[in-house]
Amino acid sequence: MLESTGPWAPWAFLGLFLVASLLMVWRLEAMISNGLGGTVIGTLVMPYCSGFGNLVFAFFLARDNGNGAEVVVNCLVNNVPNLTLLIGVPTMLFGMNIAGKVANEGKKAKGDKKGKGDKKGKGDQQKQVNRLSLLLTLVAVLFFTGIVWALARDGKLDFNDGLVLVGAFLFWQCFHVYEVLKTNVQQNKTLKWLMIIDVAILLVGAWGIYASTDWLLKWLGQQKMGFINKDNMGWLSGWLMVLPNALLAIYYSWRGKPDVTYASQVGDGHICIPLCIGLFALFHPIQVPKSFDLGVQILVGATSLHLVFMALFGRLPRFVGWVLTAGYAFFIYKGVVG
């Protein structure tokens, strides 16, 4: 049906991609109240939804014997803004305080009633748990990025490298599943049956992303003029896939949920590195592109910056948002213009 729109077809499929992504965000919001906490949504469920387009892109290129270097570029163009622009801009606009105002809470709580003081204590405890979870996720970013860099030092990634990357990702996900189950047992919580409906709606959104990505990649492969052509498929597809992440970042920052904002951007990177790259390498060898080293350096630098401020202060000052945004601008300049 959308193909019949003629010259408007690319815009129609782009709209389908965005609508499907928004549909997933809508149901993710509902899942938070149906038995899964915000940080769990950010680190376990949301990355699959926001990163589904990257998985589809890797699948289509593997199916069509495409260039594996484009998968690496796609992953870098997705991951670098996750840790720079999409955290930097919300930090500049809304602030990024994960730990909350913990200092002197004990003094303030003395004059409160017992119930109110207990509620504050539980809130502070949850903020600290979220902070520790994010620190662990940031360490995982360094770990996964380091693995890919080490395996790619010979200039390529083959089947054995793919096994290592996919295996590392699966172990990481098993850890998160365990945390979800343990938390639910400790809090005597159960997953509501309505979550089945949420999952069904998420699958509808996934189909929309799958269909739109398939058509857009075929259309892009036929373009030969200007910057929008198959030679820049990695960059263009990466920017497309990062749009849902941008919506998540702005939405949850506006809702005053910096923990979900942070976790969604940091956790989403694990879908690309190592999963997307690892899955493609299982079927076709990958020749590492020239932009790989630059992307890895920016990822490591940005992640280290996040670790320092989150570990010491539990928040990002607004000036750090400017630094992160400048880092993304440098990545674009060197990768596209330079």
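For the structure itself, consult the block above.
These remarks concern the structure in this document. Note that the coordinates shown come from a computational prediction; the quantities given were computed from them, not determined experimentally. (Residues numbered from 1 in each chain as written. Predicted model: local features only at pLDDT ≥ 70, side-chain atom pairs only at ≥ 80, totals over all residues. Heavy atoms only, no water.)

From N to C terminus, the chain includes 13 helices and 4 strands. The proportion of buried residues among the 338 residues of the chain is 51%. For the chain, the exposed surface amounts to about 16500 Å²; the carbon and sulfur share of it is 67%. (Helix = DSSP H or I, 4+ residues; strand = E, 2+ residues; numbered from the N terminus. Buried < 20%, exposed > 50% of the residue type's maximum accessible area, 1.4 Å probe, protein only. Areas by Shrake-Rupley, 256 points an atom, 1.4 Å probe, with all protein chains shown as cover.)

Tallied over the entire structure, the rule returns 2 cavities of 30 Å³ or more. Here the largest cavity defines a volume of roughly 70 Å³. For the lining of the largest cavity, the secondary-structure elements that each account for two or more residues are α4 (68-83), α7 (114-151) and α11 (258-283). Top contributing element to the lining of the largest cavity by residue count: α11, with 5 residues. (1 Å grid on protein atoms, 1.4 Å probe; cavity = no way out; pocket = protein on both sides within 12 Å on 5 of 7 lines; lining within 4 Å. Points joined across faces, edges and corners; volume = space filled by probe spheres on them.)

One pass over the full model with this rule turns up 0 disulfides. Summary of cysteine pairing: Cys 75 is not part of a disulfide, and the nearest cysteine sulfur, belonging to Cys 272, is at 4.3 Å. By relative accessible area, Cys 75 is classed as buried at 0%. This cysteine, Cys 276, is not joined by any disulfide, and Cys 75 carries the nearest cysteine sulfur, 4.7 Å off. For Cys 276, a relative accessible area of 1% puts it in the buried group. (Disulfide = S-S within 2.5 Å.)

A word on the packing of aromatic side chains. Using the criterion set out here, one finds 12 aromatic pairs in the structure. Ring plane angle 85° and centroid distance 6.2 Å describe the contact between Phe 144 and Trp 172, whose orientation is recorded as edge-to-face. Of this pair, Phe 144 sits in helix α7 while Trp 172 sits in helix α8 (residues 159-186), placing them 28 residues apart in sequence. On the basis of relative accessibility, which here comes to 9%, the residue Trp 172 falls in the buried class. (Phe/Tyr/Trp six-rings, centres within 6.5 Å; stacked < 30°, edge-to-face > 60°.)

Under the criterion given, the structure shown has 4 salt bridges. Linking Asp 158 and Lys 156 is a salt bridge whose minimum nitrogen-to-oxygen distance equals 3.6 Å. By relative accessible area, Asp 158 is classed as partly exposed at 25%. Taken together, the shared-partner salt bridges connect Arg 63, Asp 64, Asp 214 and Lys 218 into one network. (Salt bridge = Lys/Arg side-chain N within 4 Å of Asp/Glu carboxyl O.)

This brings us to the environment of Gly 238. Looking at the element boundaries, Gly 238 is found in helix α10 (residues 233-254). For the pair formed by Gly 238 and Asn 78, sequence separation is 160 residues and the distance between their alpha carbons is 5.2 Å. Once you skip the residues sitting within four places of it in the chain, Gly 238 turns out to touch Asn 74, Val 77 and Met 233. (Contact = heavy atoms within 4.5 Å.)

All right, on to the nonpolar core then. In summary, soluble globular proteins display a tendency toward joint burial of nonpolar side chains. Counting 76 residues, the largest nonpolar core has Leu 83, Ile 87, Tyr 262, Ile 273, Ile 277, Leu 316 and Phe 331 as the members making the most contacts within it. A total of 11 residues in this core trace back to one element, the largest contributor, which is α11. Here Leu 83 is in contact with Leu 138, Val 141, Val 266, Leu 299, Ala 302, Thr 303, His 306 and Leu 324, once residues within four sequence places are set aside. (Core = buried A, V, L, I, M, F, W, Y, C linked by side-chain atoms within 4.5 Å.)

By the element assignment, Ala 206 lies in helix α9 (residues 195-221). Setting aside chain neighbours within four positions, we find Ala 206 in contact with Met 24 and Phe 52.

Judged by side-chain polarity, Phe 227, Ile 228, Tyr 333, Val 336 and Val 337 come together as a nonpolar surface patch covering roughly 470 Å² of accessible area. Tracing the backbone through its elements, the reader meets Tyr 333 in helix α13 (residues 318-337). (Patch = residues over 30% accessible without salt bridge, like charges linked within 9 Å, V, L, I, M, F, W, Y side chains within 5 Å.)

Here we come to the side chain of Thr 261. In this structure, Thr 261 sits in helix α11. Exposure remark for Thr 261: the relative accessible area of 0% places this residue in the buried category. Among the polar contacts listed, one links the side chain of Thr 261 to the backbone nitrogen of Ser 253, at a separation of 3.1 Å. Among all residues touching Thr 261, those that are not within four sequence positions of it are Met 96, Ala 249, Tyr 252 and Ser 253. (Polar contact = N/O pair within 3.5 Å; in protein donor to acceptor, adjacent residues only side chain to side chain.)

A separate point is helix α3 (residues 52-63). With 12 residues, α3 extends 16 Å from end C-alpha to end C-alpha; this agrees with the ideal 16 Å at 1.5 Å per step. Most of α3 is tucked away, with 9 of its 12 residues classed as buried. At the exit of α3 stands Asn 65, carrying a positive phi of roughly 55°. (Expected span 1.5 Å × (residues − 1).)

All right, on to the packing of α10 against α11 then. Where α10 contacts α11, the axes come no closer than 7 Å and their chain directions differ by 165°. Considering their axes alone, α10 and α11 lie roughly antiparallel with respect to each other. Seen from above, α10 lies across α11 with left-handed handedness. Here α10 contributes Asn 245, Leu 248, Ala 249, Tyr 252 and Ser 253 to the contact with α11, which in turn contributes Pro 258, Val 260, Thr 261, Ser 264, Gln 265 and Asp 268. Per-class residue counts for the contact of α10 with α11 are 5 nonpolar, 5 polar and 1 charged. (Axes fitted to C-alpha atoms, helices over the stretch in contact; angles between N-to-C directions. Parallel < 35°, antiparallel > 145°, perpendicular 65-115°, else oblique. Left-handed = near helix turned anticlockwise from the far one by under 90°. Nonpolar A, V, L, I, M, F, W, Y, C, P; charged D, E, K, R; others polar.)

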